[in-house]
Amino acid sequence: MDRQKPFSPSPHRVTLHDFTLWEPILRLLLASSTDRRPDRSTRVAGRIGLQSWSLALRRPSPPPGRASQIEDMREEFDAVGRVQGALAAAGIDDIAFAAEISPTGRTALHLLGPSPAVEPGIGNPHPGALILVEGALPEPWRRLPEPVPGVVPAASADPLLLERTLRERLPDAIGATEAEIAAAEARLGVTLPAELTALYRVTRARWADWGDDHEKANRVFAAVGCELLPLDELYLADAQSRYCRWEFAAMEAAVGARPGAAVQGLVGSPGWIAFGDNGGGDRLAIDLTPGPGGHVGQIIILNHEDNIGAALLADSLTDLVLDRSGAEGDGPHDGTPSPVAHVNIRSLTSIEAAAHPGLEVLSIGVWDDEPLSLAPVAGLPRLRTLSAYPGTLADPLEIVQLTGLEYLALGPQDWRALLDAGAVPRSLSAAAIEVRGPEDPLFVVAVANELLALWDRPRIEQTVIEGELGPVG
């Protein structure tokens, strides 16, 4: 079970390589194991980070009518806190481990150290995505906005009306000077649109100007229609500002300037100037690179739960402040097949149904029928991502027919087949090992290190620490 860190761990003198540091964790895992046998060793594994941990522990149930409390899990929290303290002292964010404990208590603990070429796993001891090419980004994160000739500001955009309205609503606000506006433009490398300049001439939205008076701040938010970022915190909501792990980012597709769309389907754009927040973590931006159906200077909102795309909020900043509707959305879909296809028991039920020339991402998930052939997608010009659950491929070696892959996620046995045949695609920028169900972390790490070695990337370090836990009851 994955647990979020509820407190700051206390530092300890012992280091990560001291067996005594790990004894409490190992005893808890051993006591919770359903695999213990008196005639063979027991294997346990987990992951501990500075902010969270994932350990297969059975936790005590609270008394009827009472929720679980920290004191109910004090032993676990103290044991994890000791390791977190050692991680902090070593300057390490996260570490996985696997241990084999003999019936006599003799223990071999494998610490699976971090690698700069490997993203941490999520909720298990297995590694995350392997970054095979340093600095590589998934295709959607490399996509720039398309030029769209003929787009103009909305007729409703009126900087003079906008400024007059805001001065009436905020007569005591402190506005930005021309020098401050020029400094913001120099920092961003863009000229601020007239409406945004008009807004900040009225208020620069600094907390220092409000003297930590929340009522004054709320009046500004009410006057503008969002939580306004201070002028010196404006930023370009480009792709780099929207971080996403490779294993998720590679499964996305940018659709660009779809016909009739008001907003281009992008991760981010150098023409998206983020200036506000809706109070729930979603950012508002002025869009200087709209789609064919949009307007220069329209207001869009970037959902913090999405990795890609934005929604039209208002045709202009004037409309937003005056609370005038008029944004009509992106209109009907043009019928183009999706560049992302999911084949599983709930979605598409064949590779043939997923295949089309614009396919970029093929995800093969839970499957209860005969394994699938990749022949229908061989040679597709834009296919760059394949993710396949273990056991879903009839012949992993068919992957050699997919010549444009930049990301590949397979089960460890499928990777083993490719490695043994010398058939790992050299076009890859990143890869992942899909683990479903119990799998020896040491085997998974061995496969990961073989893949990293093909690109001469830093391996996952392994340190073996031996110790005694005493007889296993």
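Attention in this report is confined to the structure presented alongside it. Predicted model, so just to flag it, every value in this text is computed and none were measured.

Looking only at helices and strands, one finds 13 helices and 18 strands in the chain. Dimensions along the principal axes, computed over C-alpha positions, put the chain at roughly 85 × 60 × 45 Å. Partitioning the intrachain contacts of the chain with sequence separation of at least 6 by distance along the chain shows that 65% fall at a separation of at least 24. Here the chain has roughly 21900 Å² of accessible surface; of this, 52% comes from carbon and sulfur atoms. Distance between charge centres in the chain, computed from 39 positive and 64 negative side chains, equals 5 Å.

Time to look at the nonpolar core. In this structure, Leu 362 and Trp 415 are the most contacted members of the largest nonpolar core, which totals 44 residues. At 6 residues, the largest contribution of residues to this core is made by helix H13 (residues 441-454). Setting aside its immediate chain neighbours within four residues, Leu 362 contacts Ala 341, Val 343, Ile 351, Ala 354, Leu 374, Val 377, Leu 383, Thr 385, Leu 386 and Ser 387. Counting residues in each nonpolar core, the second largest holds 36 residues, with Leu 166, Leu 170, Ala 217 and Val 321 among its members.

At their nearest, the axes of helix H1 (residues 19-32) and helix H2 (residues 74-90) sit 9 Å apart, and the two run at 145° to each other. Along this stretch, H1 crosses H2, giving a crossing that reads as left-handed. Of the residues in H2, those touching H1 at Thr 20, Leu 21, Trp 22, Pro 24, Ile 25 and Leu 28 are Glu 75, Glu 76, Ala 79, Val 80, Arg 82, Val 83 and Ala 86. For the contact of H1 with H2, the per-class residue count stands at 9 nonpolar, 1 polar and 3 charged.

Looking now at the sheet that holds strand E6 (residues 130-131). The pairing of strands in a sheet comes from backbone hydrogen bonds and takes either a parallel or an antiparallel form. Taken in spatial order, the 6 strands make up an open sheet running E6-E17-E16-E15-E14-E13, and their pairing is mixed. Two strands bound the open sheet, and with one partner strand each, they are E6 and strand E13 (340-343). In this sheet, strand E17 (residues 430-433) lies alongside strand E16 (residues 407-410) in parallel orientation, the contact comprising 4 bridges. Within the sheet, the bridge partner assigned to Tyr 407 lies in E17 and is Ala 430. Against the sheet, helix H12 (residues 412-421) contacts E16 and E17, and its axis sits at roughly 120° relative to E16.

What follows covers the side chain of Glu 163. For Glu 163, the location among the structural elements is in helix H4 (residues 159-169). Here the side chain of Glu 163 touches Arg 167 through a polar contact of 2.9 Å, side chain to side chain. Those residues in contact with Glu 163, other than ones at most four positions away along the chain, are Ala 198, Arg 201 and Val 202.

Rules behind the numbers
- Residues numbered from 1 in each chain as written.
- Predicted model: local features only at pLDDT ≥ 70, side-chain atom pairs only at ≥ 80, totals over all residues.
- Heavy atoms only, no water.
- Helix = DSSP H or I, 4+ residues; strand = E, 2+ residues; numbered from the N terminus.
- Contact = heavy atoms within 4.5 Å.
- Areas by Shrake-Rupley, 256 points an atom, 1.4 Å probe, with all protein chains shown as cover.
- Lys, Arg positive; Asp, Glu negative; His and termini not counted.
- Charge placed at Lys NZ, Arg CZ, Asp CG, Glu CD.
- Core = buried A, V, L, I, M, F, W, Y, C linked by side-chain atoms within 4.5 Å.
- Buried < 20%, exposed > 50% of the residue type's maximum accessible area, 1.4 Å probe, protein only.
- Axes fitted to C-alpha atoms, helices over the stretch in contact; angles between N-to-C directions.
- Left-handed = near helix turned anticlockwise from the far one by under 90°.
- Nonpolar A, V, L, I, M, F, W, Y, C, P; charged D, E, K, R; others polar.
- Pairing = 2+ DSSP bridges.
- Polar contact = N/O pair within 3.5 Å; in protein donor to acceptor, adjacent residues only side chain to side chain.

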